[in-house]
Amino acid sequence: MSLSVWADKAVLRSTPTYPVSPLAYGKKVFRSIVLCIVLLIAVLSTNVFTWSSPINYCKAFLLSNLNKYGNEQLCSQYNVLVPKNLLWNTVGEVVGTEEFKYRAVDWLAGAIRIPTESYDDFGPIGEDPRWETFEHFHDYLLEAFPLVHSTLSLTKINTHSLLYEWTGTDSSLQPVLLAAHQDVVPVEPRTAADWTYPPYSGYFDGTRIWGRGAGDDKSGLISLMSAIELLLEAGFEPERTFVLAFGCDEEASGHFGALQLGKAMLEIYGPNAFAFIVDEGGDISEHYGTVFAAPGVAEKGYLDLRADVASPGGHSSIPPSHTTIGILSRLLVEFENSPFPVEMSTDSVFYGTLQCYAGHGKTIPSDLREAIVHSGSSKKALKKLGDILFKNPTNVALVGTTQAIDLIQGGVKSNALPEQAYAVVNHRISTLSSLAEVIDRDTDTLKGLANKFNLSFISFGKTISDTGASSAYGSLIFSDAFNNSLVPAPTTPTSGSKARPYELLSGTIQATYNAHRGLESHNVVVAPGMPAGNTDTRYYWDLSDGQILRYNHRNSMAFKDVTSGVHTVDENLPIEAFLEMIRFFTTLILNTDESRSV
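As the structure is a prediction and not an experimental result, all values here were calculated from the model.

**Remarks on the overall build of the protein chain**
And step 1. The secondary structure content of the protein chain amounts to 17 helices and 18 strands.
And step 2. Taken across its 598 residues, the protein chain has 51% of its residues classed as buried.
And step 3. Across the protein chain, contacts joining residues at least 24 apart in sequence account for 78% of those joining residues at least 6 apart.

Set out below in structure tokens:
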């Protein structure tokens, strides 16, 4: 056997198992060094290689042995968790049949055909007729899932939000909350003709189900209801209580839905009553040649900052140097010229994701892997890591606080100087920052310009500069545009004694992924993630002791060459992805019911 082949085989044999202990690491280091020395001596003794050959072999060998272990330590994986209940196999076999596939299609397509659109300007329930469509959706659920409705109790909160309880036989076990939302974003009427199939047709082309809500979030709600209906058909009775919460206006910030659900559940069940909460969020995707699942363990904060500018009006034939709109425009330019600074931090959720990429990504570039591996102990390497990643604006948005000028209004006529103008700046607040910090920075950013234009300046009720009513040319006022600001969410533990829910979810994800493909062992890496937006869980923080997991097992790899169309034209979901979501909720319910560690 040649030395090169021997080295390659040695590298292959070095692949660690799950998990690797610290003691094993020490042995691995010692064994790798000894083997490398032996390899060098053997190569040199042949007298046929250049000096660079043994060095390169040794470098490759050490990287393969040590980095594989070191990287695994960056992102150790929990064990696959297969339910012991034999019903899991029974239900799994049903999900895999052609007959059930068309039943699942009918379930989701029927839900899509009811346009439960939610609007930012919704009026009160009972007054705004646009709410009435939710009654039709409730009737559909009652017809589609008869066992769910004959077994679980249902309470309607604020008329249109649904609160189900599947009461378990053992009241000593903490209940679990599973959430989804009924509403969808509206279809822009002018784009309806651009859809491949009508947006509320629920059309099934043999591979995909098309229509608004196919991805967000009717598939999440219907897959959960389908899983429970299947389990009830199989005769399953839970020991643990499961609660389902379905809001009606998640896409409009949840004021009528999840906010009221949260209050109701707090009154019914009490604070920190739930062992954990699962809502929509992360999915399955491929990165660097490896399949990753990314449950959301945190959410950014939120602020819609409204900047109101006022100055004297008059006839536009005798204009001042700067009109109200002109002043506002200059202020907005200052915002965009002053983005929030961003730097890589080992405390960010994204850093945990990166560790998993380094630990398991098969094709991750060597410079990126090296920067991630060394960033935990070297500030220089951490900065280099940021320099590499922050060339991509998406990564900047994942880590830092963002700002986007989304709304502007001012003026009533072309020959009249505007007396009022305002703009709304949307902020997504970094998990490492705070609402107060963002307000203070925005205030400091425009304080100088407020003085330059001789504006009195009030920021969220606090007087920043007051030149006096008689001498000020105008005013600048900062406020919360829609009174829906939000501090960053608490981060769910992913390791240690408080990580039992994350461990259970991780094992469930792996079991589901394997079962749906007939695989065994570890085939998907579970990495902590964070959804780009906010979910209904913003109103559920008091219901669980920091145990919120945002994940519904949607397989984004199933879309292949067709985009998901979420929130835009041609929203769709491959039927295989939907079937796997049903299998996921079945597995999650069974695993949770059996667990005594959560």
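**Brief notes about the sheet that holds strand β14 (residues 462-465)**
And step 1. Pairing within the open sheet is mixed, and its 6 strands lie in the order β10-β12-β8-β15-β13-β14. A strand with exactly one partner marks an edge of an open sheet, and here the two such strands are β10 (402-410) and β14. Each adjacent strand pair in this sheet contributes to an overall mean axis angle of 20°, direction not counted.
And step 2. With 3 bridges connecting them, strand β13 (residues 455-459) and β14 associate as antiparallel partners. Residue Ser459 lies in a different strand from β14, and its bridge partner there is Lys462.

**A few points about helix α12 (residues 366-375)**
And step 1. Regarding α12, the residues found buried are Leu368, Arg369, Ala371, Ile372 and Ser375. Along the long axis of α12, the arc covered by the buried residues comes to 165°, so they all point the same way.

**Description of the side chain of Asp216**
And step 1. Relative to the elements of secondary structure, Asp216 occurs in the loop between β4 (208-210) and α8 (218-233).
And step 2. Although Asp216 lies buried, it forms no salt bridge, and the closest oppositely charged side chain, Arg554, sits 7.2 Å away as judged by the N-O distance.

**Some words on the packing of aromatic side chains**
And step 1. A complete count under the given rule lists 20 aromatic pairs for this structure.
And step 2. Ring plane angle 75° and centroid distance 5.4 Å describe the contact between Tyr551 and Phe584, whose orientation is recorded as edge-to-face. Taken as a pair, Tyr551 in strand β17 (residues 548-555) and Phe584 in helix α17 (residues 575-594) lie far apart in primary sequence, 33 residues in all.
And step 3. By relative accessible area, which is 0% here, Tyr551 ends up buried.
And step 4. The rings of Tyr119, Phe122, Trp131, Phe134 and Phe256 are connected pair by pair, giving a single aromatic cluster.
And step 5. If you follow Arg441 out to its NZ or CZ, it ends over the ring of Phe340, 4.5 Å from the centre.

**So, the packing of helix α11 (residues 349-360) against helix α13 (residues 379-389)**
And step 1. The interhelical angle for the contact between α11 and α13, taken along N-to-C directions, is 90°, at an axis separation of 13 Å. As far as their axial angle goes, α13 and α11 are roughly perpendicular. Packed against α11, whose contacting residues are Phe350, Tyr351 and Leu354, the element α13 presents Leu382, Leu385 and Leu389 at the interface.
And step 2. Partitioned by chemical class, the residues of the contact of α11 with α13 number 6 nonpolar, no polar and no charged.

**Considerations on unusual backbone geometry**
And step 1. Between Asp216 and Asp217 the backbone carries a cis peptide bond, its omega angle lying at -5°.
And step 2. In this structure, Asp217 sits in the loop between β4 and α8.
And step 3. Of note, Asn483 is a non-glycine position whose phi angle comes to about 55°, a positive value.
And step 4. Relative to the helices and strands, Asn483 resides in the loop between β15 (474-480) and α16 (500-517).

**Things to note about the side chain of Glu117**
And step 1. Tracing the sequence through the fold places Glu117 in the loop between α5 (98-112) and α6 (133-144).
And step 2. Although Glu117 is buried, it makes no salt bridge; Arg212 carries the closest opposite charge, 6.1 Å away.
And step 3. Within the local environment of Glu117, its side chain forms a polar contact with the side chain of Tyr119, the two groups lying 2.4 Å apart.

**So, the state of the cysteines**
Disulfide: a covalent bond formed between the sulfur atoms of two cysteine residues.
And step 1. Going through the model one piece at a time under the given rule, you end up with 1 disulfide.
And step 2. Residue Cys75 pairs covalently with Cys356 via a disulfide, S to S 2.0 Å. Across the S-S bond of Cys75 and Cys356 the torsion is about 80°, and the bridge reads as right-handed. In this pair, Cys75 is assigned in the loop between α3 (52-74) and α4 (87-95) and Cys356 in helix α11, connecting sequence segments 281 residues apart.

**Thoughts on the environment of Ala104**
And step 1. The topology assignment puts Ala104 in helix α5.
And step 2. Distance in space between the C-alpha atoms of Ala104 and Leu579 is 7.3 Å, their sequence separation being 475 residues.
And step 3. Once residues lying within four places of it in the same chain are set aside, the contact partners of Ala104 are Ile575, Phe578, Leu579 and Ile582.

**Considering the pairing of strand β2 (residues 161-166)**
And step 1. Most of β2 is tucked away: 5 of the 6 residues are buried.
And step 2. Where strand β1 (residues 153-157) folds back on β2, the antiparallel hairpin that results is connected by 3 residues, among which Asn158 adopts a positive phi of roughly 50°.
And step 3. Inspection of the sheet shows β2 paired to strand β5 (residues 242-247) by 5 bridges, in the antiparallel sense. Residue pairing in the sheet places Leu162 in a bridge with Phe246 of β5.

**Looking at α17**
And step 1. Over its 20 residues, α17 runs 29 Å from end to end, which matches the ideal 28 Å to within 8%, given 1.5 Å per residue.
And step 2. Where burial is concerned, most of α17 is hidden: 18 out of the 20 residues are buried.

**Points about the packing of α11 against α12**
And step 1. Between α11 and α12, the least distance of the axes is 9 Å, while the angle of their chain directions is 125°. When the axis of α11 is compared with that of α12, the two are oblique. Taken as a pair, α11 and α12 cross one another with a handedness that is left-handed. Residue-level contacts link Tyr351, Leu354, Gln355 and Ala358 of α11 to Arg369, Ile372 and Ser375 of α12.

**Details of the pattern of salt bridges**
And step 1. Evaluated as defined, the whole model comprises 14 salt bridges.
And step 2. For Glu98, the salt bridge goes to Lys101, with nearest N and O atoms at 3.0 Å. With Glu98 and Lys101 both in helix α5, this residue pair falls 3 residues apart, about one helical turn.
And step 3. Among the salt bridges present, the one from Arg190 reaches Glu188, with a minimum N-O distance of 2.9 Å.
And step 4. Classification of Arg190 as exposed rests on a relative accessible area of 71%.

**Focus on the confidence of the model for the protein chain**
And step 1. Across the protein chain, pLDDT averages 91, with 88% of residues at or above 70.
And step 2. Across residues 1-25, where pLDDT falls below 50, the model places 32 contacts with residues more than four positions away in sequence or in other chains.

**Here we look at the environment of Arg500**
And step 1. Relative to the assigned elements, Arg500 resides in helix α16.
And step 2. Taking the C-alpha atoms as reference points, Arg500 and Ser595, 95 residues apart in sequence, are found 9.7 Å from one another.
And step 3. Here Arg500 is in contact with Ser597 and Val598, once residues within four sequence places are set aside.

Scoring rules and cut-offs
- Residues numbered from 1 in each chain as written.
- Predicted model: local features only at pLDDT ≥ 70, side-chain atom pairs only at ≥ 80, totals over all residues.
- Heavy atoms only, no water.
- Helix = DSSP H or I, 4+ residues; strand = E, 2+ residues; numbered from the N terminus.
- Buried < 20%, exposed > 50% of the residue type's maximum accessible area, 1.4 Å probe, protein only.
- Contact = heavy atoms within 4.5 Å.
- Pairing = 2+ DSSP bridges.
- Axes fitted to C-alpha atoms, helices over the stretch in contact; angles between N-to-C directions.
- Arc of directions from axis to C-beta.
- Lys, Arg positive; Asp, Glu negative; His and termini not counted.
- Salt bridge = Lys/Arg side-chain N within 4 Å of Asp/Glu carboxyl O.
- Phe/Tyr/Trp six-rings, centres within 6.5 Å; stacked < 30°, edge-to-face > 60°.
- Lys NZ or Arg CZ within 6 Å of the ring centre and 35° of its normal.
- Parallel < 35°, antiparallel > 145°, perpendicular 65-115°, else oblique.
- Nonpolar A, V, L, I, M, F, W, Y, C, P; charged D, E, K, R; others polar.
- Polar contact = N/O pair within 3.5 Å; in protein donor to acceptor, adjacent residues only side chain to side chain.
- Disulfide = S-S within 2.5 Å.
- Expected span 1.5 Å × (residues − 1).
- Left-handed = near helix turned anticlockwise from the far one by under 90°.
- pLDDT = per-residue confidence, 0-100.

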